[in-house]
Amino acid sequence: MTLNLEYETEIKLQLDYESIITKVVNMALDLEECPYETELNVILTDNKEIKDINREYRNIDVPTDVLSFPMIAYESPGDFSILEDEDNDSFNPETGELLLGDIIISVEKVMEQAAEYGHSEERELAFLTAHSMMHLFGYDHMEETERTVMEEKQRQVLEELKIYR
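What you are looking at is a predicted structure, and each value in this text was computed from that prediction instead of being measured.

The rules we used
Residues numbered from 1 in each chain as written. Predicted model: local features only at pLDDT ≥ 70, side-chain atom pairs only at ≥ 80, totals over all residues. Heavy atoms only, no water. Pairing = 2+ DSSP bridges. Helix = DSSP H or I, 4+ residues; strand = E, 2+ residues; numbered from the N terminus. Axes fitted to C-alpha atoms, helices over the stretch in contact; angles between N-to-C directions. Contact = heavy atoms within 4.5 Å. 1 Å grid on protein atoms, 1.4 Å probe; cavity = no way out; pocket = protein on both sides within 12 Å on 5 of 7 lines; lining within 4 Å. Points joined across faces, edges and corners; volume = space filled by probe spheres on them. Nonpolar A, V, L, I, M, F, W, Y, C, P; charged D, E, K, R; others polar. Buried < 20%, exposed > 50% of the residue type's maximum accessible area, 1.4 Å probe, protein only. Core = buried A, V, L, I, M, F, W, Y, C linked by side-chain atoms within 4.5 Å. Salt bridge = Lys/Arg side-chain N within 4 Å of Asp/Glu carboxyl O. Parallel < 35°, antiparallel > 145°, perpendicular 65-115°, else oblique. Left-handed = near helix turned anticlockwise from the far one by under 90°.

Novice: So, the sheet that holds strand β4 (residues 98-106): which residues are in play, and what are the values?
Specialist: The pairing of strands in a sheet happens through backbone hydrogen bonds and is either parallel or antiparallel. Pairing within the open sheet is mixed, and its four strands lie in the order β1-β2-β4-β3. A single partner strand is all that each edge strand has here, and the edge strands are β1 (2-7) and β3 (66-70). Strand-to-strand, the axes of this sheet are offset by a mean angle of 10 degrees, without reference to chain direction. Helix-sheet contacts for helix α2 (residues 47-58) involve β2 (38-45), β3 and β4, and the interaxial angle to β3 is about 45 degrees. Packing against the sheet, helix α4 (residues 121-136) makes contact with β2, β3 and β4, and its axis sits at approximately 145 degrees to β4.

Novice: With reference to specific residues and values, describe the layout of surface pockets.
Specialist: Approximately 330 Å³ is the volume found for the largest pocket. What lines the largest pocket is a set of 13 residues, among which Arg58, Val66, Leu67, His135 and His141 lie closest to the centre. Broken down by element, the residue count for the lining of the largest pocket peaks at four residues, all from β3. For the lining of the largest pocket, a count of residues per class yields five nonpolar, five polar and three charged. Around the second largest pocket, the lining residues are Arg123, Phe127, Glu151, Gln154, Arg155, Leu158, Glu159, Ile163, Tyr164 and Arg165. Where the lining of the second largest pocket is concerned, the elements lending two or more residues are α4 and α5 (144-160). Per element, the largest residue contribution to the lining of the second largest pocket is five residues, and it comes from α5.

Novice: An account of the pairing of β4 is requested, with residue identities and associated values reported.
Specialist: The buried fraction of β4 amounts to eight of the nine residues, a majority that puts the element mostly inside the structure. Strand direction decides the pairing type here: β3 and β4, joined by five bridges, are antiparallel. Looking at β4, one finds that valine 66 is bridged to isoleucine 105.

Novice: Before we move on, can you summarise the nonpolar core with the specific residues and values?
Specialist: Counting 39 residues, the largest nonpolar core has Leu100, Leu125, Met133 and Phe137 as the members making the most contacts within it. For this core, the elements supplying multiple residues, two or more each, are α1 (17-31), β2, β4, α3 (107-117), α4 and α5. If near-sequence neighbours (up to four positions away) are discounted, leucine 100 is found in contact with Leu29, Thr38, Glu39, Leu40, Phe69, Pro70, Met71, Ile72, Tyr74, Met133, Leu136 and Phe137.

Novice: Talk me through the pattern of salt bridges; I want residue IDs and the actual numbers.
Specialist: Scanning the model with the defined rule gives ten salt bridges in all. Among the ionic pairs, glutamate 32 bridges to lysine 153, the shortest N-O distance being 2.9 Å. Taken together, the residues glutamate 32 in the loop between α1 and β2 and lysine 153 in helix α5 connect sequence positions 121 residues apart. The exposure classification of glutamate 32 matches that of lysine 153, with both residues buried. Salt bridges linked by common partners bring Lys48, Glu49, Asp52, Arg55 and Asp61 together as one network.

Novice: So what's going on with the packing of α4 against α5? Which residues, and what values?
Specialist: Packing of α4 against α5 leaves a shortest axis separation of 9 Å and a crossing angle of 130 degrees. Regarding the angle of α4 to α5, the classification is oblique. Crossing hand, α4 versus α5: right-handed. Contact residues: Arg123, Ala126, Phe127, Ala130, His131, Met134 and His135 in α4; Met150, Lys153, Gln154, Val157 and Leu158 in α5.

By themselves, these are just geometric observations and shouldn't be taken as functional.
This is the structure in structure tokens:
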């Protein structure tokens with residue numbers, strides 16, 4: 001797996017964010033039984049920058065905690081069989097790795113929401129990463145049945161890593 005991690009804010013998390021993100025990404029890939037080596041970009045930023053991105057891509061002019069930009073249009077969530085087409089451009093031509101997409105996380109929201117929900121910043125960062133990974137696998141939470149499935153998958157990732165509230 002290639003994990004491109006960029007920290008683009010002066011606001012510092014006082015934890016080993018790289019290790020946490022890497023563990024969560026790997027566990028999500030394992031639980032989804034992703035059959036490919038993958039490439040993923042994760043950017044840690046602040047509320048101002050994520051607000052700008054949220055406005056530009058979603059027409060929502062407020063900061064959010066996490067944004068996900070999947071590179072794959074799944075027919076059904078977590079179904080990697082659509083990638084078996086030889087003409088598929090979902091793979092990095094240089095490395096052969098599956099291009100999963102981009103995750104953008106606000107470190108300010110990690111801190112704010114950890115305090116608001118009464119758990120650690122580690123747990124909040126892990127949760128947001130797991131949540132975003134599920135979006136990169138095609139899961140969503142717009143409908144109740146979808147939300148239930150997605151939440152269960154997020155819970156499994158965190159539980160396997162023994163990261164609790």
